[in-house]
Amino acid sequence: MVDSYVTLACEQGVVQIDRQKENVVLATEKAYAYPRNLLQRVMHGIPAGAYRDAIRHFVDCCLTGAQPLITVESSRDVTAVLEAAHESSRSGPASRWTCDDGSRKAAAHRRPHHRDRAGRADRRAFGEPAGTTDLASLRLWVAKTKKNEALWPAAPADDVALAAADLLRTAPPDVTGAGLGRSVRYGFHYLRWLEPAVRAWARTGDESYARSFEDLFTSWYERRDGLVGEWPGLDLIWYSLGTWSRAAMLLPALDSLMPLSDECWGQVLATIVGGARWAYDEHDAFRHGNWQLVSATQLMHVGAVYPRLAEANQWVERGRARLVEHLEQDFSADGGHFERSPGYHHMCLTATTLAVAVDQRYLHTGLGDHPKVVAMQEWLRELTTSAGWVPAPQDSGVVWNEPHRGEDSVLLAESGYAVLRAHDDVRVVVNCGPYVQHELESHSHRAVLDFVMDGWGRPLLWEAGGPPDYDVPDYQSWFQSARGHNTVVVDGQDVGADRDAVVETFVESPEATVLAAGRRGGNGVVHRRRFVLVRTDPAYLVVRDEIEGGGQYDLLLHAPRPWHDWRAGDVRVWVADAEDATVTFSEGRSRIPDPLTRTADFGPLHTLTVSRPRGEFLTVIVPAAAGTWAFSAAGDEVRVVHPYGDGHRHAVRSRPPPRGDVS
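Residue indices follow the written sequence of each chain, beginning from 1 at its first position. Given that the model is predicted, a residue must reach a pLDDT of at least 70 before its local features are reported, and side-chain atom pairs must reach 80 or more before they are shown or counted; all residues, however, enter totals for whole chains, interfaces and linings. With hydrogens and water excluded, all non-hydrogen atoms of the structure serve as input to the side-chain values.

**Some remarks on the overall build of the protein chain**
The cut-off we apply is this: A helix here means a DSSP run of H or I that spans at least four residues, while a strand means a run of E at least two residues long, and both kinds are numbered starting from the N terminus. Type-normalised accessible area, obtained with a 1.4 Å probe on protein chains alone, sets the label of each residue: buried when under 20%, exposed when over 50%, and partly exposed for intermediate values. It only takes one pair of heavy atoms within 4.5 Å for two residues to be counted as in contact. The Shrake-Rupley method, run with a 1.4 Å probe, gives the accessible areas here. Residue values count only the displayed protein chains as cover.
Secondary structure summary: the protein chain contains 16 helices and 28 strands in total. Across the 663 residues in the protein chain, those meeting the buried criterion constitute 52%. When contacts within the protein chain are restricted to residue pairs at least 6 apart in sequence, long-range pairs at least 24 apart make up 64% of them. For the protein chain, the computed accessible surface area is about 30600 Å², with 52% contributed by carbon and sulfur atoms.

Encoded structure:
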C-alpha cells in the first residue's frame, strides 16, 4: 500500500509508483482530476481499496488468531531499510544494513529453503549411516532397516484410474501447471494427478507406468523451484496443503517397490523429507484452519514411518501437539469443525483417522482416546442421510458416509446446524450458524437460516453447495451468494459477515419439530424464520418468514427437478397470498448426489423466486404430494387438507411458543 509517489532507485533498475496514474482520468470544464481508486474508493456506499483491505485483514487476524501476511519482523525490516535510506541521504555514501539474528531467522523462515535440504543431504538426514556413500547404497540401507510401512497405500487401479494412467503416457500435462486458475494451480501441485500411475503399476506390474511416473515427477522436481503462485505470501510448492497431500501419496508410493531409478527415488524422498522440514518450521505455533491440522497428521506419519531420520522424533512430537490443539480448539463440543463445511470437516476427520492409526500402530500414545475423535465422527453421522450422503452447505462437496437413518431431530448448537426429522425418512437441515473468517477467502457462504430438504435418500430442495473449484467465474455470484440458497434475499443483497444468527426455540414432540431462529445484520435487516416439520404421515414443512429493513424481498426455493405449477417432481409448494407476488424461474447448478453410483456430478438446479415488497412469507412444502391437497391460512393458522384422512390443523406463530407447545 502506497500513499502518493514512490520511487525506488536500485542498483539494476528503477521502480516508480505514481498516484496520478491510477487508470481513471476525469476531465471537466474546470480541470483534470485523477480520482483515487487504488488506495480508497467508495462503490455503492461500500468502502474499498488498499486502505480498507489492510484494515479488514488486520481485523480478520484479530478475530481469527491468524498470522498477518506481513509479519512483525518484516515490518521491522522495512523500517530499518527506510532508516538506512534516510541515513544515506544525510551522510552521502551508501548505508549498508544487516538484519539482527531475530530478523535473519524470520527471513530464512519465509524462504522455501527446504527444497534442497534432502536431495544431496540424504545420508545426513539419516545420520550418515555406516557403509553408505551415495544414493544407491543409502537406498539399500533404507530397504534393509526400514520396519514401518506407510499407512493407507493407494488401491490398485480400477478402470477409471487405469484410463487416467494411460492418459499420463499419451498426453502428459504441463508439470508446472501453467495456465490453470489461481487456486487450481495450487491444487495441481498436490501431485494427486500422478497417483493413477502408481495404482496402474500396482494392478498390472507394467513398468511403463513406473517410467511414466518417473518422467513426470523428475520433470516436476527439476522445475518446481522457479514456480510462483498468485496468492500473496503463499508459496506455490511449499505450503501446508501441498506438503500434506504430496506426503500422503508419495510415502506409500515409495513402499510399493515401484521400479524407480536411484535418482528418482532420492527425489521422492527429498520431497517428503523437505516437506516435513518445512511443516515442522512452519507450524511452530497453533493456527486455526484445516491446513495446519492435516499438515500436522502427515508430519506424524513421516516421522513414524522413517524413525531413523535424525529429525523424526521432533516431527512426531510437534505434529501430535498441533493435532491435539486442533481437536481441542477447532472442534466444538458437538464435534463440528469450526469452518462449518462438511467437506473440510471430512478432510480433517480423514486425516485425524490416519494419525490415530499411525499412533496405534507405531507410537502408542493413546491419541484415539481423545473425546473429540469420536465427537467429530458423530457430527458427520448426524448429517448423513439414509442413502449415505451428506448435504453440502458452505464451501463443500457432497461427502459420502455410512448410511444413517436417525429417528429424532437434533440441534448441533455449537456448530450451528439443526437436523429436523420426520418419521417417514424426511429431513430438513437448517444452517443457523455464524460466518467464519479465513486468512485468504472464507469458506462460509453469505446466507443464513437457509435449509435443504431430503427424503428417502434423495435431495428434494437443494442448494448451490461448493463450486467445482475456487476459480470459476460464478463462485462469488452463485455458489457463495445468498441467491444460491433456500432463503429470503433482501434488496438483492447477500447476508454480511457480521450476521448474528440466534436459535430461539428448538423443541420436538411425536407430532412435530419446531425451530425458530433469527438474525440481525449490520445493514439493519432483521430476519426471523420459523420451521415446523410435521413428523406424522404424511410429513410436510411449514416455514414462516418475517423480515424488516428492506424494500424488496425474494423467497428462493431450489430443486433438482424443474418447477411446473408449484411442483418440482413430487415436491409441492404453497405460498400464502402468492397472487399478490411476482413469480419467476431461473436456473443454476449444483452437485446432485446419486446413491446408486455414490457420485455427485454437477447438474441444473431449478429456482423458484417469489418476490414482493413486504417481508412476510408463509410457505408449506410437501415432499410427496400425491393426490389432492388444499391449503389455506388465517392469521397464524395454516390448514392443510390432504388425501390421507380428514386433514391436519396446526398453528404457526410469529413468536416462539411456550416451551413444549408445538401446536
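Let us keep going from here.
**Some words on the sheet that holds strand 21 (residues 567–568)**
Heads up, the condition is: Between any two strands, at least two bridges found by DSSP are needed for them to pair.
Here 8 strands make up an open sheet; going across it, the order is 15-16-17-18-25-22-21-20 and the pairing antiparallel. Only two strands of the sheet have a single neighbouring strand rather than two, namely strand 15 (501–508) and strand 20 (563–564). Bridge analysis of strand 17 (residues 526–534) against strand 18 (residues 540–548) gives 9 bridges, and the strand direction is antiparallel. Looking at the pairing, Arg 528 lines up with Glu 546 of strand 18.

**Topic: helix 12 (residues 290–305)**
Keep this limit in mind: Given a helix with a known number of residues, its expected span is that number minus one, times 1.5 Å.
An ideal rise of 1.5 Å per residue puts 22 Å on 16 residues; helix 12 measures up with 23 Å between its terminal C-alpha atoms. In terms of burial, helix 12 is a largely internal element, 16 of the 16 residues being buried.

**Section: the pairing of strand 24 (residues 599–612)**
Most of strand 24 sits inside the fold, with 10 of its 14 residues counted as buried. Bridge count between strand 19 (residues 553–559) and strand 24: 7 bridges; the pairing is antiparallel. Within strand 24, the residue paired with Leu 556 across the bridge is Thr 609. Here strand 23 (residues 582–594) runs beside strand 24; their pairing, made up of 13 bridges, is antiparallel.

**Brief notes about the packing of aromatic side chains**
Put simply, the test is: Stacked, tilted and edge-to-face are the three classes applied to pairs of Phe, Tyr and Trp rings, where Trp contributes its six-membered ring and a pair requires centres within 6.5 Å; stacked means planes under 30 degrees apart, edge-to-face means over 60, and tilted covers the rest.
A complete count under the given rule lists 16 aromatic pairs for this structure. Taking the centre distance of 6.3 Å and the plane angle of 70° together, the rings of Phe 126 and Tyr 306 count as edge-to-face. In this pair, Phe 126 is assigned in the loop between helix 4 (122–125) and helix 5 (135–145) and Tyr 306 in the loop between helix 12 and helix 13 (312–329), connecting sequence segments 180 residues apart. A relative accessible area of 8% places Phe 126 in the buried class. Note on Tyr 306: relative accessible area 5%, which makes it buried. When the centroid spacing of 4.9 Å and the interplanar angle of 15° are considered together, the rings of Phe 188 and Trp 193 count as stacked. What makes Phe 188 buried here is its relative accessible area of 13%. The exposure class of Trp 193 is buried, given its relative accessible area of 16%. Through a chain of ring-to-ring contacts, the aromatic side chains of Phe 213, Phe 217, Trp 220 and Tyr 221 assemble into a single cluster.

**Structural notes on the packing of helix 5 against helix 11 (residues 262–282)**
Let me state the cut-off plainly: The convention used is that axes are lines fitted to C-alpha atoms, helices contributing only their stretch in contact, and that angles between N-to-C directions extend from 0 to 180 degrees. Angle categories are assigned with fixed cut-offs, so that under 35 degrees is roughly parallel, over 145 is roughly antiparallel, 65 to 115 is roughly perpendicular, and the rest are oblique. Here a crossing is taken to be left-handed if its near helix is turned anticlockwise relative to the far helix by less than a right angle, and right-handed if that turn runs clockwise. Here the term charged refers only to Asp, Glu, Lys and Arg, the term nonpolar to Ala, Val, Leu, Ile, Met, Phe, Trp, Tyr, Cys and Pro, and the term polar to all other amino acids, Gly among them.
Where helix 5 contacts helix 11, the axes come no closer than 9 Å and their chain directions differ by 65°. Judged by the angle between their axes, helix 5 and helix 11 are roughly perpendicular. Handedness of the helix 5/helix 11 crossing: left-handed. On the side of helix 5, the interface is formed by Leu 135, Ala 136, Leu 138, Arg 139 and Val 142, while helix 11 contributes Asp 262, Glu 263, Trp 265 and Gly 266. Grouping the constituent residues of the contact of helix 5 with helix 11 by class yields 5 nonpolar, 1 polar and 3 charged.

**Examining the nonpolar core**
Condition: As used in this record, nonpolar core signifies buried Ala, Val, Leu, Ile, Met, Phe, Trp, Tyr and Cys residues forming a set joined through side-chain atoms within 4.5 Å.
Judged by nonpolar contacts, the single largest core of 105 residues is most densely connected at Phe 213, Phe 217 and Tyr 306. Examining the composition of this core, we find that 11 residues originate from one element, helix 11, more than from any other. Setting aside chain neighbours within four positions, we find Phe 217 in contact with Leu 191, Leu 194, Leu 250, Cys 264, Gln 267, Val 268 and Thr 271. Of all hydrophobic cores here, the second largest spans 41 residues; its members include Val 426, Cys 432, Ala 539 and Val 573.

**A look at the environment of Phe 451**
Inspection of the secondary structure assignment puts Phe 451 in strand 12 (residues 451–455). Look at Phe 451 and you get buried, because its relative accessible area is 2%. Taking the C-alpha atoms as reference points, Phe 451 and Leu 461, 10 residues apart in sequence, are found 8.2 Å from one another. Each residue touching Phe 451, except ones within four places of it in the same chain, is listed here: Val 428, Val 429, Val 430, Leu 461, Glu 463, Asn 486, Arg 529, Phe 531, Leu 541, Leu 557 and Ile 621.

**A few points about the side chain of Arg 421**
We count it as follows: Think of a polar contact as two N or O atoms within 3.5 Å of one another; within protein, one of them needs to be a possible hydrogen donor and the other a possible acceptor, and neighboring residues in sequence only count if both atoms come from side chains.
Within the secondary structure, Arg 421 is located in strand 10 (residues 417–421). According to the relative accessible area criterion, Arg 421 is buried, its value standing at 2%. Only 2.9 Å separates the side chain of Arg 421 from the backbone oxygen of Glu 382, close enough to count as a polar contact. A polar contact is formed between the side chain of Arg 421 and the backbone oxygen of Asp 408, at a distance of 2.6 Å.

**A word on the confidence of the model for the protein chain**
Put simply, the test is: Each residue carries a pLDDT score, the predictor's own confidence in it, on a scale running from 0 to 100.
With 84% of its residues at a pLDDT of at least 70, the protein chain reaches an overall mean of 87. In the predicted structure, residues 657–663 sits below a pLDDT of 50 and forms 12 contacts with residues beyond four places in sequence or in another chain.

**Observations regarding a nonpolar patch on the surface**
Where we set the bar: Exposure above 30% relative accessible area and the absence of a salt bridge qualify a residue for a patch, where like charges join within 9 Å and nonpolar side chains (Val, Leu, Ile, Met, Phe, Trp, Tyr) within 5 Å. In the sections that follow, a salt bridge refers to a side-chain nitrogen of Lys or Arg positioned within 4 Å of a carboxyl oxygen of Asp or Glu.
On the surface, Ile 55, Phe 58 and Val 59 cluster together to form a nonpolar patch covering roughly 310 Å² of accessible area. Along the chain, the position of Ile 55 falls in helix 1 (residues 50–64).

**Focus on the pattern of salt bridges**
Per the stated rule, a full pass over the model turns up 22 salt bridges. Residues Lys 146 and Asp 255 are paired through a salt bridge, measuring 2.9 Å at the closest nitrogen-oxygen approach. In this pair, Lys 146 is assigned in the loop between helix 5 and helix 6 (159–170) and Asp 255 in helix 10 (residues 240–255), connecting sequence segments 109 residues apart. A salt bridge links Asp 545 to Arg 529, with the shortest nitrogen-to-oxygen separation between them at 2.5 Å. Within this pair, whereas Asp 545 is found in strand 18, its partner Arg 529 is found in strand 17, the two being separated by 16 residues in sequence. Looking at Asp 545, the relative accessible area reads 0%, which means it is buried. Linked through salt bridges whose partners overlap, the residues forming this network are Asp 166, Arg 169 and Asp 206.

**Comments concerning the pairing of strand 26 (residues 630–634)**
Bridge count between strand 26 and strand 27 (residues 637–641): 5 bridges; the pairing is antiparallel. Each bridged residue has a counterpart across the sheet, and for Ala 630 the counterpart in strand 27 is Val 641. Hairpin connection between strand 26 and strand 27: a loop of 2 residues separates the two successive antiparallel strands, and Gly 635 in this loop has a positive phi of roughly 65°.

**Remarks on unusual backbone geometry**
At the junction of Asp 537 and Pro 538, the peptide bond is cis and its omega measures out at 5° in the coordinates. Position of Pro 538 relative to the elements: it lies in the loop between strand 17 and strand 18. The backbone of Leu 449 shows a phi angle near 65°, a positive value even though the residue is not glycine. Following the sequence through the fold, Leu 449 ends up in the loop between strand 11 (426–431) and strand 12.

**Here's the deal with helix 14 (residues 342–363)**
With 22 residues, helix 14 ought to run about 32 Å at 1.5 Å a step, and its terminal C-alpha atoms sit 29 Å apart, in line with that. Once helix 14 finishes, His 364 follows within two positions and takes phi at roughly 60°, a positive value.

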